[in-house]
Amino acid sequence: MITLALSKGRIFDDILPLLKAAGIEVLDDPEKSRKLILRTNQPDVRVVLVRATDVPTYVQYGGADMGVVGKDTLLESGTQGLYQPLDLQIAKCRISVAVRDGFDYSAAVRQGSRLKVATKYVAIARDFFAAKGVHVDLIKLYGSMELAPLTGLADAIVDLVSTGNTLKANHLVEVERIMDISSRLVVNQAALKLKQAPIRRIIDAMAKAVAA
Ligand code: AMP
């Protein structure tokens, strides 16, 4: 049995065509059922639904053989024990710094002010501002980062941006692009040895689909 860990939403929707190209079709619809283990058309392949931030943990400790997870989550949670054979080029976005419209970010940076930065991505933000030599107080949030500059909780946020519509709707502007993000295939290293043939088959088929 091969167990693939996925999270609901963007990644789940974007991975379906790549799975299909690898001959795997998910038979249960996570929007219609509350099942956490989904069957596929391959009797020896199943999907488990977990939170995005839990995908690396499931794969690292063998709760799943493989998983799909954003580079943002991987950078934030560490990649110990994970083989990363493939950039799947899905759920593409960027991780950026944004401030309230009207806040003079470059002046604040130039003057060496201490910036309050709210984010879910504390490790990524810490590395980014340290490399720039900008002093920051990081405030860890778990969601609705956009609210932080609007309420005075923070001067800036570090968050994922795709179309930019969420920032615009909340009167925020993107002032720095930290890095581009896409989802990666991660594989448990022991599983790769023990179930080499079926796992390799899936990786190769997905690689072909990504290249196409
Ligand atoms: P947008 O309005 O298209 O710029 O999307 C921004 C919102 O969607 C933010 O709340 C982000 O956290 C979230 N978001 C954008 N892209 C992704 C992605 N690839 N994976 C997860 N969340 C995302």
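This is a predicted model, so every value here is computed, not measured.

J.: Explain the overall build of the protein to me, using residue names and the numbers behind them.
T.: Tallying secondary structure elements over the protein gives nine helices and eleven strands in all. C-alpha extents for the protein along the principal axes are approximately 60 × 35 × 30 Å. Total accessible area computed for the protein in this model is approximately 11200 Å², and 49% of it derives from carbon and sulfur atoms. Considering the protein, the positive charge centre built from 28 side chains and the negative charge centre built from 23 side chains are found 3 Å apart.

J.: Give me the lowdown on the domain arrangement of the protein, citing residues and values where you can.
T.: By domain assignment, the protein separates into domain 1 (2-91 + 182-211) and domain 2 (93-181). On a C-alpha basis, the centroid separation for the pair domain 1 and domain 2 is 30 Å. Of the residues lining the interface, seven residues belong to domain 1; the matching set on domain 2 comes to eleven residues. Summing the contributions of domain 1 and of domain 2, the shared interface buries around 730 Å²; its carbon and sulfur component is 57%. Contact with domain 2 buries surface across domain 1, with Asp72, Leu75 and Glu76 losing the most and accounting together for 64% of the total. The interface formed by domain 1 and domain 2 includes zero salt bridges.

J.: I'd like to hear about the site of the ligand, residue by residue, with values.
T.: Around the ligand lies a shell formed by Arg10, Ala91, Cys93, Glu146, Asp159, Leu160, Val161, Ser162, Thr163, Gly164, Asn165 and Thr166. In this structure, Ala91 approaches the ligand through a main-chain N or O atom, which is 2.9 Å from a nitrogen atom. Thr166 places a polar side-chain atom, nitrogen or oxygen, 2.5 Å from an oxygen atom of the ligand. Mapped onto the shell around the ligand, the elements with two or more residues apiece are β9 (156-161) and α7 (165-169). Broken down by element, the shell around the ligand gets its largest block of residues, three residues, from β9. When grouped by side-chain class, the residues that make up the shell around the ligand number four nonpolar, five polar and three charged.

J.: Residue-level account of the sheet that holds strand β4 (residues 66-70), with values.
T.: What holds strands together in a sheet is hydrogen bonding between their backbones, with the strands either parallel or antiparallel. Pairing in this open sheet of six strands is mixed, and the strands run β2-β3-β1-β4-β11-β5 from one edge to the other. Strand pairing shows two members of the sheet lacking a second neighbour, β2 (37-39) and β5 (82-87), which therefore form its edges. Across the sheet, the mean angle separating the axes of adjacent strands is 30 degrees when strand polarity is ignored.

Conventions used here
- Residues numbered from 1 in each chain as written.
- Predicted model: local features only at pLDDT ≥ 70, side-chain atom pairs only at ≥ 80, totals over all residues.
- Heavy atoms only, no water.
- Helix = DSSP H or I, 4+ residues; strand = E, 2+ residues; numbered from the N terminus.
- Areas by Shrake-Rupley, 256 points an atom, 1.4 Å probe, with all protein chains shown as cover.
- Lys, Arg positive; Asp, Glu negative; His and termini not counted.
- Charge placed at Lys NZ, Arg CZ, Asp CG, Glu CD.
- Domains from an automatic or database assignment.
- Contact = heavy atoms within 4.5 Å.
- Buried area = accessible area lost by both parts, 1.4 Å probe.
- Salt bridge = Lys/Arg side-chain N within 4 Å of Asp/Glu carboxyl O.
- Near = heavy atom within 4 Å.
- Polar contact = N/O pair within 3.5 Å; in protein donor to acceptor, adjacent residues only side chain to side chain.
- Nonpolar A, V, L, I, M, F, W, Y, C, P; charged D, E, K, R; others polar.
- Pairing = 2+ DSSP bridges.
- Axes fitted to C-alpha atoms, helices over the stretch in contact; angles between N-to-C directions.

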